[in-house]
Amino acid sequence: MKNDHDISGFELRLAAHAAEVEQLLVTLLDERPRTGEITRPPRLMAAIRHGALNGGKRLRPFLVTETARLYDSTPDAALRVAAALECIHCYSLVHDDLPAMDDDDLRRGRPTVHKAYDEAAAILAGDGLLTYAFDIIADDATQLPVKTRLDLVACLARAAGIGGMVGGQALDLMAETANPDEAGIITLQAMKTGALIRFACEAGAIIGNAGTEERERLAEFGSAIGLAFQLADDLLDVTADAATMGKATGKDAAAGKGTLVGLHGIDWTKKQLAGLVAQAEDLLAPFGEKASVLKEAARFIALRRN
Ligand code: GRG
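Only a predicted model underlies this, so the values are computations on that prediction, with no experimental measurement involved.

Procedures and definitions
- Residues numbered from 1 in each chain as written.
- Predicted model: local features only at pLDDT ≥ 70, side-chain atom pairs only at ≥ 80, totals over all residues.
- Heavy atoms only, no water.
- Salt bridge = Lys/Arg side-chain N within 4 Å of Asp/Glu carboxyl O.
- Buried < 20%, exposed > 50% of the residue type's maximum accessible area, 1.4 Å probe, protein only.
- Helix = DSSP H or I, 4+ residues; strand = E, 2+ residues; numbered from the N terminus.
- Near = heavy atom within 4 Å.
- Polar contact = N/O pair within 3.5 Å; in protein donor to acceptor, adjacent residues only side chain to side chain.
- Areas by Shrake-Rupley, 256 points an atom, 1.4 Å probe, with all protein chains shown as cover.
- Axes fitted to C-alpha atoms, helices over the stretch in contact; angles between N-to-C directions.
- Parallel < 35°, antiparallel > 145°, perpendicular 65-115°, else oblique.
- Left-handed = near helix turned anticlockwise from the far one by under 90°.
- Contact = heavy atoms within 4.5 Å.
- Core = buried A, V, L, I, M, F, W, Y, C linked by side-chain atoms within 4.5 Å.
- Expected span 1.5 Å × (residues − 1).

## Focus: the pattern of salt bridges
Phase 1: Here the structure, examined in full by the defined rule, presents 21 salt bridges.
Phase 2: Across the salt bridge formed by Asp30 and Arg34, the nearest N and O atoms sit 2.6 Å from each other.
Phase 3: Exposure remark for Asp30: the relative accessible area of 24% places this residue in the partly exposed category.
Phase 4: Between Arg217 and Glu213 there is a salt bridge; the shortest N-O distance is 3.2 Å. Taken together, the residues span about one helical turn, with Arg217 and Glu213 both in helix H10 (residues 212–239) at a distance of four residues.
Phase 5: Using a relative accessible area of 49% as the deciding quantity, one classes Glu213 as partly exposed.

Take a look at the structure:
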């Protein structure tokens, strides 16, 4: 008899949460201009919806709501922060797929935004999603104290920006020629993919008005599973096919990009993943049974198949 904490039970829970995120994004990304906006151009909104709706595991939003659930916080506010983070993630995918970056035709099993529309539309869709994310958090509709919203905005800006995801993408673009060593690859990955996942987990602590120690603990949990996420992604890049992933695979090796899997091999990577899951579980120990879903999330991320 499977229970709620089996991998399949976890996947059901993740899917149910994804449906909630989807519903909120559908509302947030409609064509009705909000206070202070003049109009929402229909074609821009269509390109934005193509990049943000109907797809994705919604893993980062899930981590926001599950870490917030450790505290007596308002679920509606956490869901809005979760949706804001997903807007940033979707923007990063839309821009990453552009010809000037990774040049991909397929994302989440569908044509990328610049293929379905055009490059200018994809650039603007990404810009729109990025800026809207901060609007969503700052808005009074996110019913959290002003200082909490400010902390979330600052923390998200740093995770997504120059010293986080954007910086990591810049390092990644240079990696083909710069051949970073192991430490360089770890830094690049902590910035490019780790920073948003770290934010997702830290956000729950911010929403819950946690003390410094718990905020740091959850952020560290985010860093551990962020690295696991990237290692699993690198593993899938060499072992999975495009149909399973809904995007092209084998691209890192083809581009001559160093990864930890490339440096150390598949067995080493699997051992590292097990170590990171153990580390993540240790970090959650003080939260006891309340953190059991987050522990499942760590295992899911390390063992994911797509
Ligand atoms: C363009 C500023 C800028 C940044 C792009 C995150 C990123 C930086 C690029 C994405 C490239 C990529 C495929 C990285 C591997 C890790 C990753 C982010 C995979 C996609 O995330 P999932 O698996 O995707 O959570 P879904 O579709 O489930 O949301």
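## Some thoughts on the site of the ligand
Phase 1: With respect to spatial proximity, 20 residues lie near the ligand, and among them Lys57, Arg60, His89, Asp96 and Arg108 are the closest.
Phase 2: Lys57 places a polar side-chain atom, nitrogen or oxygen, 2.6 Å from an oxygen atom of the ligand.
Phase 3: Here Arg60 contributes a side-chain N or O atom positioned 2.7 Å from an oxygen atom of the ligand.
Phase 4: Starting from 700 Å² of accessible surface for the ligand in isolation, the protein chains cover 92%.
Phase 5: Elements represented by at least two residues in the shell around the ligand include exactly helix H4 (75–96), helix H8 (165–178), helix H9 (182–207) and H10.
Phase 6: With six residues, H4 is the largest single contributor of residues to the shell around the ligand.

## Digging into the packing of helix H3 (residues 59–68) against H4
Phase 1: One way to put it is that H3 packs onto H4 with a least axis distance of 8 Å and a crossing angle of 155°. One way to sum up the angle between H3 and H4 is to call them roughly antiparallel. In the crossing of H3 with H4, the sense of the turn from one axis to the other is right-handed. Two secondary-structure elements touch here, H3 through Arg60, Pro61, Val64, Thr65 and Ala68 and H4 through Ala78, Leu79, Val81, Ala82, Leu85, Glu86 and His89.

## So, the nonpolar core
Proteins that are soluble and globular tend to have nonpolar side chains buried together.
Phase 1: Of all hydrophobic cores here, the largest spans 86 residues; its most connected members are Leu29, Leu63, Leu152, Phe221 and Ile225.
Phase 2: Top contributing element to this core by residue count: H4, with 13 residues.
Phase 3: Setting aside residues up to four positions removed in sequence, Leu29 forms contacts with Arg40, Met45, Ile48, Arg49, Ala52, Leu53, Leu129 and Tyr132.

## Description of helix H6 (residues 119–138)
Phase 1: In this model H6 runs 29 Å from its N-terminal to its C-terminal C-alpha over 20 residues, within 8% of the 28 Å that 1.5 Å per residue would give.
Phase 2: Within the sequence span of H6, burial applies to Ala121, Ala122, Ala125, Gly126, Leu129, Tyr132, Ala133, Ile136 and Ile137.
Phase 3: The N-cap residue of H6 is Asp118: its side-chain oxygen and the backbone nitrogen of Ala120 are 3.2 Å apart.

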